[in-house]
Amino acid sequence: MAISTLDLFKIGIGPSSSHTVGPMTAARIYALKIQEMGIIGKICKIKIFLYGSLGATGRGHGTPKALSLGLMGYTPEDVDVDKIPGVLQDIEVNQSLSLLGQYPIHWRESEAIHFEYKALPYHPNGMRFVSLGAKEELLHEGTYYSVGGGFVVDLEAPLGGDPLKPQELSLQFPFNSAIELLDHCATHNLSISDVMLANEAAWRSESETKAKLLSIWRAMEACVRRGCQSSGILPGGLKVLRRAPALFKTLSDRPENLKDPLALMDWVSLYALAVNEENAAGGKVVTAPTNGAAGIIPAVLHFYRRFTDGASDEGVVKFLLTAGAIGTLYKKNASISGAEVGCQGEVGSACSMAAGALAEVLGGTPKQVENAAEIGMEHHLGLTCDPIGGLVQIPCIERNAMASVKAIQAARLALHGDGNHFVSLDNVIETMRLTGADMKTKYKETSRGGLALQVVGVPEGVSVNLPEC
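A. Up close: unusual backbone geometry. For the peptide bond that leads from Ala288 to Pro289, omega is 0°, which places it in the cis range. Checked against the element boundaries, Pro289 lands in the loop between strand E9 (284–287) and helix H12 (296–307). In the segment running from Ile394 into Pro395, the intervening peptide bond is cis, with an omega of 10°. You can see Pro395 is positioned in the loop between helix H16 (366–378) and helix H17 (396–415). Its identity as a non-glycine residue notwithstanding, Glu136 has a phi of 65°, on the positive side. The topology assignment puts Glu136 in the loop between strand E6 (125–132) and strand E7 (138–146). Judged by relative accessible area, which is 43%, Glu136 ranks as partly exposed. With a phi angle near 60°, Ser447 is a residue other than glycine that sits in the positive phi range. With respect to the helices and strands, the residue Ser447 is situated in the segment after helix H18 (425–438).

B. The arrangement of the side chain of Glu370 in detail. Along the chain, Glu370 turns up in helix H16. Although Glu370 is buried, it makes no salt bridge; Lys367 carries the closest opposite charge, 7.9 Å away. In this structure the side chain of Glu370 is engaged in a polar contact, spanning 2.6 Å, whose partner is the side chain of His421. In this structure the side chain of Glu370 is engaged in a polar contact, spanning 2.8 Å, whose partner is the backbone nitrogen of Leu425.

C. Quick look at the packing of H16 against H17. Contact geometry for H16 and H17: axes closest at 8 Å, N-to-C directions at 140°. Looking at the two axes, H16 sits oblique to H17. Where H16 crosses over H17, the handedness of that crossing is right-handed. Only Ala410, Ala411, Leu413, Ala414 and Leu415 of H17 make contact with H16, whose side of the interface consists of Gln368, Asn371, Ala372, Ile375 and Gly376. Split into classes, the residues belonging to the contact of H16 with H17 amount to seven nonpolar, three polar and no charged.

D. Quick peek at the confidence of the model for the chain. Of all residues in the chain, 94% attain a pLDDT of 70 or more, and the chain-wide mean is 93. For residues 160–166, every residue scores under 50 in pLDDT, and the model assigns this stretch 19 contacts once sequence neighbours within four places are set aside. Contacts for the low-pLDDT stretch residues 464–469, under 50 throughout, to residues beyond four places or in other chains number 20 contacts.

E. Main features of the pattern of salt bridges. Counted by the stated rule, this structure contains 19 salt bridges. Across the pair Arg254 and Asp260 runs a salt bridge, and its minimum N-O distance is 4.0 Å. In this structure, Arg305 and Asp313 form a salt bridge, with 3.1 Å as the shortest nitrogen-oxygen distance. One salt-bridge network, held together by shared partners, links Arg218, Glu221, Arg305 and Asp313.

F. Main features of the state of the cysteines. Across all of its chains, the model carries zero disulfides by this definition. Distance from the sulfur of Cys351, which forms no disulfide, to the nearest cysteine sulfur (Cys343) is 11 Å. For the unlinked cysteine Cys396, the closest cysteine sulfur is that of Cys385, found at 6.2 Å.

G. Region of interest: helix H8 (residues 192–200). The element H8 is extensively covered by neighbouring structure, given that eight of its nine residues are classed as buried. Every buried residue of H8 is accounted for by Ile192, Ser193, Val195, Met196, Leu197, Ala198, Asn199 and Glu200. Along its buried surface, H8 packs onto helix H1 (5–8), helix H7 (178–188), helix H9 (206–229), helix H13 (313–333), helix H15 (347–361) and H16.

H. Molecular detail of the nonpolar core. In terms of nonpolar packing, the biggest core is built from 101 residues, with Phe9, Met220, Ile297, Phe319, Leu320, Tyr330 and Leu358 touching the most fellow members. Not counting residues up to four positions away in its chain, the partners in contact with Leu320 are Thr5, Phe9, Leu213, Ile216, Met220, Ile297 and Leu301.

I. How the structure looks around the sheet that holds E6. Spatial ordering of the open sheet is given by E5-E2-E6-E7-E8, a layout of five strands whose pairing is mixed. A single partner strand is all that each edge strand has here, and the edge strands are strand E5 (113–115) and strand E8 (152–153). Along the sheet, helix H2 (residues 17–36) contacts strand E2 (45–52), E6, E7 and E8; its crossing angle with E7, the most-contacted strand, is approximately 145°. Most of the contacts of helix H4 (residues 63–71) go to E2, to which it runs at about 140°, and overall it touches E2, E5 and E6.

J. Layout of the pairing of E6. For E6, the tally of buried residues reaches seven of eight residues, placing the bulk of the element in the interior. Sheet topology places E2 next to E6; eight bridges connect them, and they run antiparallel. Bridged to Tyr51 within E6 is Gly126. The pairing of E6 with E7 spans seven bridges and is classified as antiparallel. Along E7, the bridge assignment pairs Arg128 with Thr143. Hairpin connection from E6 to E7: five residues lie between these consecutive antiparallel strands, with Glu136 at a positive phi of about 65°.

K. View of the environment of Leu8. Structurally, Leu8 can be placed in helix H1. Beyond its immediate chain neighbours, meaning those up to four positions away, Leu8 contacts Ile3, Phe151, Thr287, Ala288, Pro289, Gly324, Gly327, Thr328 and Ile336.

L. Main features of the packing of H9 against helix H10 (residues 244–253). At their nearest, the axes of H9 and H10 sit 6 Å apart, and the two run at 95° to each other. The angle between the axes of H9 and H10 places the two elements in the roughly perpendicular class. On H10, the residues touching Gly227, Cys228 and Gln229 of H9 are Ala244, Pro245 and Phe248.

Conventions used here
- Residues numbered from 1 in each chain as written.
- Predicted model: local features only at pLDDT ≥ 70, side-chain atom pairs only at ≥ 80, totals over all residues.
- Heavy atoms only, no water.
- Helix = DSSP H or I, 4+ residues; strand = E, 2+ residues; numbered from the N terminus.
- Buried < 20%, exposed > 50% of the residue type's maximum accessible area, 1.4 Å probe, protein only.
- Lys, Arg positive; Asp, Glu negative; His and termini not counted.
- Salt bridge = Lys/Arg side-chain N within 4 Å of Asp/Glu carboxyl O.
- Polar contact = N/O pair within 3.5 Å; in protein donor to acceptor, adjacent residues only side chain to side chain.
- Axes fitted to C-alpha atoms, helices over the stretch in contact; angles between N-to-C directions.
- Parallel < 35°, antiparallel > 145°, perpendicular 65-115°, else oblique.
- Left-handed = near helix turned anticlockwise from the far one by under 90°.
- Contact = heavy atoms within 4.5 Å.
- Nonpolar A, V, L, I, M, F, W, Y, C, P; charged D, E, K, R; others polar.
- pLDDT = per-residue confidence, 0-100.
- Disulfide = S-S within 2.5 Å.
- Core = buried A, V, L, I, M, F, W, Y, C linked by side-chain atoms within 4.5 Å.
- Pairing = 2+ DSSP bridges.

Below, the structure written as structure tokens:
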């Protein structure tokens with residue numbers, strides 16, 4: 001299974017890669033499929049059944065709006081977030097939407113989308129699309145899975161038939177484990193980013209890869225700027241106040257001669273808060289590798305770019321390539337889905353990716369990079385996914401700020417050593433997978449355990465106690 005860095009870093013919309021980006025993509029894929037089959041013009045209604053974590057927290061994660069937009073042909077990368085409210089309002093008023101913008105069907109969200117708390121066998125984030133004709137006769141049905149990070153799987157599609165399903169490609173330096181990755185580095189005297197850049201040639205030229213990675217970085221910068229400038233209350237009913245604008249003003253107004261040894265950490269926290277508040281508001285973010293953990297890599301990358309001597313765009317490319325190499329190991333050997341392994345798979349993976357990437361651009365050897373990535377995950381093992389009210393706000397926003405600081409510390413610890421350490425990155429990835437398998441469902445993005453049940457005074461209409469699977 002070959003995974004590109006640009007499969008892990010995708011521009012999308014908030015608040016969730018698995019509950020918003022994935023369902024939007026799946027809905028569009030389904031609409032394109034029924035168009036290709038020649039039956040799209042015969043369809044009068046579509047019913048969608050959401051299973052497992054999608055059924056439990058899909059409302060709070062914006063899954064219904066994502067499905068509507070996907071059926072209309074919008075993509076997470078290209079949709080204009082400022083126009084989404086108007087589009088959805090038109091659908092509600094007219095009780096109709098146009099499949100791929102061309103074929104109108106009857107559509108009322110309350111009738112079309114059904115929330116099922118049981119999970120399908122393959123993955124907790126399952127979706128079943130059922131197309132009906134004029135006499136309610138079944139015309140077609142299809143099942144898709146949103147497996148984290150915006151990745152979508154159609155089990156009935158041939159290998160490579162799904163545009164987001166990782167393909168079998170011939171890579172110059174194939175690796176399925178950290179030890180194999182380190183062996184390539186040692187044998188060919190390469191850095192981890194060098195290995196990943198060489199492998200990216202299976203998809204595109206080196207110049208195109210670098211240009212696309214820099215465009216990802218520009219999108220991260222833009223997200224931070226928007227987060228620092230946008231004030232107010234986040235949607236969803238919890239009335240969470242955006243904190244990034246006030247913190248940005250405080251830090252910007254701070255006298256330059258004020259000697260605070262922890263001031264840099266305040267900036268790192270700001271960058272993470274800005275991104276995740278934008279995500280919670282449904283804005284444009286980069287999955288890194290998920291939306292719920294989208295603030296960590298941009299925060300650490302801002303730390304490198306702004307506060308490190310000699311930082312450059314070339315360093316940004318190396319950072320993202322190294323993070324991508326580490327992220328592929330989690331994607332291949334464990335999971336980046338909070339619904340599957342808890343938040344250790346999202347925030348933990350992102351912290352690990354950021355730690356290793358920072359170690360590389362600060363001059364670390366491949367073994368030191370691997371050590372930094374291991375430290376980043378080791379201290380997130382067992383982290384649950386228990387968002388209050390099914391919203392990607394509490395504890396998710398602050399959790400990104402905390403993990404960003406931990407990533408920097410992990411890199412620094414690794415750089416103070418020689419790369420030799422007791423627990424390998426492969427060990428900790430396998431431990432994370434097994435821990436996720438042992439974790440109770442109520443702690444894996446269902447809002448049925450943890451903080452989601454311990455908060456008093458939650459507003460009426462915000463669900464915090466859904467039935468057990």
